[in-house]
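Geometric and topological summary
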Amino acid sequence: MNPYVAGIGLGLVLLLAYLISGRGLGASGALMRTVVQAEKVVSQEHVDNNFYLSKYGGDGQNPWHNWLVWEALGVLVGGLISGASAGRLHLELHRGPRITARQRLLYAMLGGALFGFGARLARGCTSGVALSGGATLAAGSWITMLCIFAGAYGLAWFVRKLWI
Amino acid sequence: MFPLVDTLGFAELTDFVIAFVLGVGFGFFLEQAGFGNADKLAMQFYFRDMAVFKVMFAAIVTTMTGLIVFSSLGLLDLDLIYINPTYLWSGVVGGLIMGFGFIIGGYCPGTALVGVMTARIDAVFSVLGGMLGMFVFAELVPLKPIMTFFNLETEGFSGRLTLWEWLGVKPGVVGFFVMLIAVAGFVAAEWAERKFNPKLQEV
């Protein structure tokens, strides 16, 4: 799909989210809640003793009982519908021409871990902060969005072997 | 009138079903934009494929314009919608770390979820890595220096703060400038792709 058309479509969905539910879209929140769910299985006491974890899954609280989690489930289904309708559902590994598949998976995991850590520190990721916060003109969200782009552009030349 | 959740007071299940349906739309357009592909996303940062910027700013301008129009018509109470709280320094450092993660891993969390559903193996590793990073953060954040930094507030620039409140102007003024920046960015993006994408140069 033309990127401008996809962007406008995305923007209309986000606008509906604000008009109906009074809130924006997200992605990392649901992953955080899944981490808390897993930690609850291991030790509820540990979750209760950590102020950050207990906010999501303190005693008697189900971290998955949340708007963002249902929204993220929808993202999975929406991605599947789009991918299936476009014939894009086949096992693939995208990587630059100069690295091996194994290296690519390692870097995907490392990059994901950094992103996950940064998203919690900044209270949201590209969806919840940069896109949703950006659209509501939240001051801090614009700062974080600029820093995401600055960080990626700043490091891009040094890691170019990964992609080009 | 809007947001409906405040005027109609949905039952929780209704709210969750709405969340799910909105999520389907979000995931659909992310995948349609081609964002289930890390290689495409990473090319943004080598100026070869500017779709990340185009999609993001087309979306931001669309939503922002809608919010400003609905609010100026008196149909939407902006005080009732969620505005991401501002914490300057944790937002700066978190943003930079996310940027590093983006160019090393090729995905952000939302695009990785879409990638997982279209069978991208690297996306699966990205999501697993993301949860690992979140686990590490959650285990470290109770430590005093990290907790202090995470909750650090900057005088005059914290809490529920929008750009127009900060600048002391009407929302439409900031909206107009965001539109100008977006349009200038779109023009620059089209130029950059023609200049830096080797595939487009062969044509």
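Cut-offs used in this document
- What you see as residue numbers is a count from 1 along each chain, following the sequence as written.
- Ligands are numbered from 1 and chains lettered from A, in the order in which they are written.
- Thresholds applied to this predicted model are a pLDDT of at least 70 for local features of residues and 80 or more for the giving and counting of side-chain atom pairs; totals over whole chains, interfaces and linings are not thresholded and use all residues.
- Excluding hydrogens and water, the side-chain values take into account all heavy atoms of the structure.
- Axis definition: a line fitted to C-alpha atoms, over the contacting stretch in the case of helices. Angles run 0 to 180 degrees between N-to-C directions.
- Only DSSP runs of H or I with at least four residues qualify as helices, and only runs of E with at least two residues qualify as strands; both kinds are numbered from the N terminus onward.
- In these notes the angle categories are as follows: under 35 degrees is roughly parallel, over 145 is roughly antiparallel, 65 to 115 is roughly perpendicular, and the rest is oblique.
- By the definition used in this description, the sense in which the near helix is turned from the far one sets the handedness, with an anticlockwise turn below a right angle giving left-handed and a clockwise turn giving right-handed.
- A contact between two residues is defined here by any heavy atoms of the two lying within 4.5 Å.
- Note that Gly is not counted as nonpolar here; it falls among the polar residues with everything else outside the nonpolar set of Ala, Val, Leu, Ile, Met, Phe, Trp, Tyr, Cys and Pro and the charged set of Asp, Glu, Lys and Arg.
- Domain start and end points were adopted from an automatic or database domain assignment.
- Take the accessible area each of two parts loses on contact, using a 1.4 Å probe, and add the two losses: that sum is the buried area.
- Counted as salt bridges are all cases of a side-chain nitrogen of Lys or Arg within 4 Å of a carboxyl oxygen of Asp or Glu.
- For this analysis, a polar contact is any N or O atom pair within 3.5 Å, provided that within protein one partner can donate a hydrogen and the other can accept it, and provided that sequence-adjacent residues contribute only side-chain to side-chain pairs.
- Every definition here rests on a 1 Å grid over the protein atoms only: cavities are sets of points where a 1.4 Å probe fits but cannot get out, pockets are open sets enclosed by protein on both sides within 12 Å along at least five of seven lines, and lining residues have some atom within 4 Å of a point.
- Grid points are joined across faces, edges and corners, and a volume is the space filled by probe spheres set on the points.

**Re the packing of helix H6 (residues 101-121) of chain A against helix H5 (residues 88-105) of chain B**
Two elements in contact, H6(A) and H5(B), have axes whose closest approach is 7 Å; the angle formed by their N-to-C orientations is 165°. Of the possible angle classes, the one that applies to H6(A) and H5(B) is roughly antiparallel. Judged by the sense of rotation from one axis to the other, the crossing of H6(A) with H5(B) is left-handed. Contacts from Arg104(A), Tyr107(A), Ala108(A), Leu110(A), Gly111(A), Leu114(A), Phe115(A), Phe117(A), Gly118(A), Ala119(A) and Leu121(A) in H6(A) reach Ser90(B), Val93(B), Gly94(B), Ile97(B), Met98(B), Phe100(B), Gly101(B), Phe102(B), Ile104(B) and Gly105(B) in H5(B). When grouped by side-chain class, the residues that make up the contact of H6(A) with H5(B) number 14 nonpolar, six polar and one charged.

**Things to note about the domain arrangement of chain A**
All names here are of chain A. Looking at chain A, the domain boundaries give domain 1 (1-92) and domain 2 (93-164). Placing a centre on the C-alpha atoms of domain 1 and another on those of domain 2 gives a separation of 18 Å. Listed per partner, the contact involves 13 residues of domain 1 and 13 residues of domain 2. Around 920 Å² of area is buried between domain 1 and domain 2 when both sides are counted, 57% of it from carbon and sulfur atoms. Across the domain 1-domain 2 interface, the total number found is zero salt bridges. For the interface between domain 1 and domain 2, the tally reads six residue pairs in polar contact (both at pLDDT 80 or more). Taken together, the elements giving at least two residues each to the side of domain 1 that touches domain 2 come down to helix H1 (3-21), helix H2 (28-42) and helix H4 (51-57). A class-by-class count of the residues in the side of domain 1 that touches domain 2 yields eight nonpolar, four polar and one charged.

**Some thoughts on empty space enclosed by the protein**
One pass over the structure, following the stated rule, counts three cavities of 30 Å³ or more. Forming the boundary of the largest cavity are 19 residues, of which Thr126(A), Phe35(B), Val52(B), Met56(B) and Cys108(B) lie nearest the centre. At the level of secondary structure, the elements contributing two or more residues to the lining of the largest cavity comprise helix H7 (126-135) and helix H8 (139-156) of chain A together with helix H2 (12-32) and helix H4 (51-72) of chain B. When residues of the lining of the largest cavity are assigned to their parent elements, the largest contribution, four residues, is made by H7(A). Looking at the lining of the largest cavity residue by residue, the class counts come to 16 nonpolar, three polar and no charged. When its volume is computed, the second largest cavity comes out at roughly 70 Å³. Around the second largest cavity, the lining residues are Ala135(A), Thr136(A), Leu137(A), Met64(B), Leu67(B), Ile68(B), Leu78(B), Ile81(B), Ile83(B), Trp164(B) and Pro171(B). In terms of residue count, the dominant contributor to the lining of the second largest cavity is H4(B) (three residues). Taken together, the residues that form the lining of the second largest cavity break down as ten nonpolar, one polar and no charged.

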